[in-house]
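Summary of the model geometry
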Amino acid sequence: MAAARLFRGVAVGLGAAAAAGGRRALGSAPPGVAAGRGVRRAALAAAAAGALGGLGLGLWRWQQAAMAVSEEEEEGEDELWQRFMAPPVSGLRELRRRRRELRSRMELLIMETQAEVCRALAALDPGAAFAVDTWERKEGGGGISCVLQDGEVFEKAGVNVSVVFGLLSEEAARQMRSRGKSLKAKDGKLPFCAMGVSSVIHPKNPHVPTMHFNYRYFEIEEADGTKQWWFGGGTDLTPTYLNEEDAIHFHKTLKEACDKHDLKLYPKYKKWCDDYFYIKHRGERRGIGGIFFDDVDSPSKEEVFQFVKSCAKAVVPCYIPIVKRHCHDSFTPEEKLWQQLRRGRYVEFNLVYDRGTKFGLLTPGSRIESILMSLPLTARWEYMHTPPESSKEAEILEVLRNPKDWVH
């Protein structure tokens, strides 16, 4: 675990990798690094020196060094390990040992998703770098926070992974029971395991929408040893200004991911998204939606996992083309002001209504910095602000108050 701490505060991204002499920190293997236990032990020392010196290559070498396993186990898997942003919370050995269990497969999926999204964002903002911060939870588990701030394209982009376990707090259990969960504790204790990947991306340009996604797995052991499990998650878009072409692309991409599994899923989860991201005290949605689901535990664990995997793989293609299309658009000070006001609404929803934020704040040992990563660097609240009728600002408000069908 001491080696993992080397990554705390190390800048890992395309900008940092370029400064180190190449763009390898986010995935490609440096030339001349061979497989084998002896080489990997030597690489571990090199990784420590590289990380302490701010070298992007340290990340890749740490991942290689951490895989002190037999050649038979390694074959065909090295390409997977080297793509992570940091060593997995459960450890590479443990993930290999129980690699057929769904918990391990889900942890691999969220690690891969984190790396894929970070690479895609870093490619669009090459002057910036992700700070990769590994953290531990004394009650059990930990996480990896990857955050980019003050880039040319992204004001703040965070992609977090967490894998936590232990005993569910009374407050968290009460929140779950309020959603209809029948949880039978033993001596007041409920062992749980929760893992997920969560991201919020706040671009600088008001013509590039904010995007959020989260995919998670939850498992609880009841008094009789029975395990309850469920998946949740979704991907949604929050534009400052409405662009119908972007909205259609975003929703169509998510629909295609859902349709691979069941044609009923997209309309069901699109409506759920519109209903969930509703700011009741404002009478409007946070954004133009996407998909959202929670407490999904049927038809089978494997089928739901494959659905979640399809949704996670759709994150980059549903969003990155939109960023590329608008990140260099010109904008006025008035348009920037409107973006700040809309971000105020984003903050209101996350702090008042968001279930994930509430659960995180109620879980003992939670990392507050990671939970509140979703908040923008800047936002604004003005008293009684109302946009002019028939303005572009009024246009987006109309859609937020009356959600549209974007794919038919």
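About the criteria used
- Residues numbered from 1 in each chain as written.
- Predicted model: local features only at pLDDT ≥ 70, side-chain atom pairs only at ≥ 80, totals over all residues.
- Heavy atoms only, no water.
- Helix = DSSP H or I, 4+ residues; strand = E, 2+ residues; numbered from the N terminus.
- Contact = heavy atoms within 4.5 Å.
- Areas by Shrake-Rupley, 256 points an atom, 1.4 Å probe, with all protein chains shown as cover.
- Buried < 20%, exposed > 50% of the residue type's maximum accessible area, 1.4 Å probe, protein only.
- Core = buried A, V, L, I, M, F, W, Y, C linked by side-chain atoms within 4.5 Å.
- Phe/Tyr/Trp six-rings, centres within 6.5 Å; stacked < 30°, edge-to-face > 60°.
- Lys NZ or Arg CZ within 6 Å of the ring centre and 35° of its normal.
- Salt bridge = Lys/Arg side-chain N within 4 Å of Asp/Glu carboxyl O.

Before going further, it helps to examine the overall build of the chain. The helix and strand tally for the chain stands at 16 helices and ten strands. At a minimum sequence separation of 6, the contacts of the chain that also span at least 24 residues come to 72%. A total of about 17,900 Å² of accessible surface is found on the chain, and carbon and sulfur atoms cover 52% of it.

Tracing the backbone through its elements, the reader meets Trp229 in strand β7 (residues 227–238). Given the relative accessible area of 17%, Trp229 is considered buried. Spatially, the C-alpha atoms of Trp229 and Ser298 are 9.9 Å apart, while their sequence positions differ by 69 residues. Trp229 has contacts with Tyr217, Phe218, Glu219, Val296, Asp297, Ser298, Ser300, Lys301 and Val304, leaving out every residue within four places of it along the chain.

Now for the nonpolar core. Met106, Leu121, Phe154, Tyr215, Phe231, Val308 and Tyr319 are the most contacted members of the largest nonpolar core, which totals 78 residues. Looking at this core element by element, the count peaks at 13 residues for helix α7 (residues 102–124). Apart from residues no more than four positions distant in its own chain, Val308 is found in contact with Met106, Leu109, Tyr215, Phe231 and Phe293. With ten residues, the next largest nonpolar core counts Leu190, Phe192, Ala194 and Ile220 among its residues.

Right, let's talk about the packing of aromatic side chains for a bit. To describe a pair of aromatic rings, one takes the distance between the centres and the angle between the planes. Tallied over the full model, the rule gives 17 aromatic pairs. Seen from their ring centres, Tyr276 and Phe292 are 4.1 Å apart, and the 10 degrees between their planes marks the pair as stacked. With Tyr276 in helix α10 (residues 265–276) and Phe292 in strand β10 (residues 289–296), this residue pair connects regions lying 16 residues apart in the sequence. Here Tyr276 falls in the buried class, since its relative accessible area comes to 15%. Members of the aromatic cluster, connected to one another through ring pairs, are Phe213, Tyr215, Tyr269, Trp272, Tyr276, Phe277, Phe292, Phe293, Phe307, Phe349 and Tyr353. In this arrangement the basic side chain of Arg286 is found over the ring face of Tyr346, its NZ or CZ atom lying 4.1 Å from the centre.

A complete count under the given rule lists 21 salt bridges for this structure. Of the charged contacts in the structure, one is a salt bridge between Lys392 and Glu395, with a shortest N-O distance of 3.8 Å. With Lys392 and Glu395 both in helix α16 (residues 392–401) and three residues apart, this pair spans about one turn of that helix. Residue classification places Lys392 among the exposed residues on the basis of a relative accessible area of 52%.

Nothing here speaks to function; it is all geometry.
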